[in-house]
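# Structural features, examined
Okay, here's what each chain looks like letter by letter:
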Amino acid sequence: MTAPADDVDRIVDAWQRERPDLDFSPLHVLSRLGRVAKHLDRARKAAFAASALESWEFDVLAALRRAGSPYELSPTSLLRQTLVSSGTMTNRIDRLTARGLVERRTDPNDGRGILVRMTESGRERVDHAIAELVVAERELLSGLTRADQERLASLLRTLGADFEGTI
């Protein structure tokens, strides 16, 4: 069964009518991805707001949470996982420390280095945020069967492979 025409179909048809010399087939995929990304962004912002977190705070705390107990990483590991500069990461760690969501401690294996450790408050917030996010993302995908979701994930994995590590 084919889905009914949507706004992207109408936009592509109008472009095709106005510029028949161009191939608009990429818009069928990427315009839809862009629209889905906007809905995902809204869902994520709402999930993070419910936990009194900004998106960037969630990114840092989630990296620490995924590291496992004792939920600590070096600033270098954090910036690699969150794809930001060292200056940006320093600022983020400072702000999270001021909010009591992380703390700095001296690296016991390197007295010159530091480790960033998530506090209990940080863990509670990131755990609440990820639980909210999973529910919101499940709702976004509710129109697809499990098999369709797996097929879409596989296609997007293939599409994204060329971009891995470039953001």
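Residues numbered from 1 in each chain as written. Predicted model: local features only at pLDDT ≥ 70, side-chain atom pairs only at ≥ 80, totals over all residues. Heavy atoms only, no water.

### As for the overall build of the protein chain
Looking only at helices and strands, the protein chain has seven helices and three strands in total. The helix and strand sequence of the protein chain, counted from the amino end, reads α-α-α-β-α-α-β-β-α-α. Relative to its length of 167 residues, the protein chain is extended, with a C-alpha radius of gyration of 21 Å against a globular reference of 15 Å. The principal-axis extent of the C-alpha atoms belonging to the protein chain is close to 65 × 30 × 25 Å. Among the 167 residues that make up the protein chain, the fraction classed as buried is 24%. If you take every contact in the protein chain between residues at least 6 apart in sequence, the share linking residues at least 24 apart comes to 50%. Between the averaged position of the 25 positive side-chain charges in the protein chain and that of its 26 negative side-chain charges there is a distance of 2 Å. (Helix = DSSP H or I, 4+ residues; strand = E, 2+ residues; numbered from the N terminus. Rg over C-alpha atoms; globule rule 2.2 N^0.38 Å. Buried < 20%, exposed > 50% of the residue type's maximum accessible area, 1.4 Å probe, protein only. Contact = heavy atoms within 4.5 Å. Lys, Arg positive; Asp, Glu negative; His and termini not counted. Charge placed at Lys NZ, Arg CZ, Asp CG, Glu CD.)

### Here we look at the UniProt feature "domain: HTH marR-type" (unreviewed entry) in the protein chain
If you check UniProt for "domain: HTH marR-type" (unreviewed entry), the listed places come out as residues 26-161 in our numbering. Each end of residues 26-161 is marked by a C-alpha atom, and these two atoms are 18 Å apart; helix forms 69% of the span and strand 12%. (UniProt positions renumbered as here; feature names shortened; annotations may be inferred.)

### Re the pattern of salt bridges
Following the criterion strictly, the structure yields 17 salt bridges and no others. We note a salt bridge from Arg 35 to Asp 7, for which the minimum N-O separation is 3.8 Å. On the criterion of sequence distance, the pair formed by Arg 35 in helix α2 (residues 25-49) and Asp 7 in helix α1 (residues 7-18) is long-range, its members being 28 residues apart. On the basis of relative accessibility, which here comes to 36%, the residue Arg 35 falls in the partly exposed class. Residue Asp 7 is classed as partly exposed on the basis of its relative accessible area, which comes to 42%. Measuring nitrogen to oxygen at the nearest pair gives 2.9 Å for the salt bridge that ties Asp 9 to Arg 32. With Asp 9 in helix α1 and Arg 32 in helix α2, this residue pair connects regions lying 23 residues apart in the sequence. For Asp 9, a relative accessible area of 17% puts it in the buried group. (Salt bridge = Lys/Arg side-chain N within 4 Å of Asp/Glu carboxyl O.)

### What about the sheet that holds strand β1 (residues 72-73)?
Taken in spatial order, the three strands of this open sheet run β1-β3-β2, and their pairing is antiparallel. Each having just a single partner strand, β1 and β2 (102-107) make up the two edges of the open sheet. In the sheet, β2 pairs with strand β3 (residues 110-118) via six bridges, with the strands oriented antiparallel. In the strand pairing of β3, Thr 106 is matched with Ile 114. Along the sheet, helix α3 (residues 55-66) makes contact with β1, β2 and β3, crossing β3 at roughly 105 degrees. (Pairing = 2+ DSSP bridges. Axes fitted to C-alpha atoms, helices over the stretch in contact; angles between N-to-C directions.)

### A few points about the nonpolar core
Counting residues in hydrophobic clusters, the biggest one holds 25 residues, and the most contacted among them are Phe 48, Phe 58, Leu 61, Leu 64, Leu 78 and Met 89. For this core, the element with the most residues is α3, which contributes seven residues. Excluding residues within four positions of it along the chain, Leu 78 makes contact with Val 60, Ala 63, Leu 64, Leu 73, Met 89, Ile 93 and Val 116. (Core = buried A, V, L, I, M, F, W, Y, C linked by side-chain atoms within 4.5 Å.)

### Examining the packing of α2 against helix α6 (residues 120-140)
Between α2 and α6, the least distance of the axes is 8 Å, while the angle of their chain directions is 150 degrees. Comparing the axis directions of α2 and α6 gives the class roughly antiparallel. The hand of the α2/α6 crossing is right-handed. For the pair α2 and α6, contact is made by His 39, Leu 40, Ala 43, Arg 44, Ala 47 and Phe 48 and by Ala 129, Glu 132, Leu 133, Ala 136, Glu 137 and Leu 140, respectively. Residue composition of the contact of α2 with α6, by class: eight nonpolar, one polar and three charged. (Parallel < 35°, antiparallel > 145°, perpendicular 65-115°, else oblique. Left-handed = near helix turned anticlockwise from the far one by under 90°. Nonpolar A, V, L, I, M, F, W, Y, C, P; charged D, E, K, R; others polar.)

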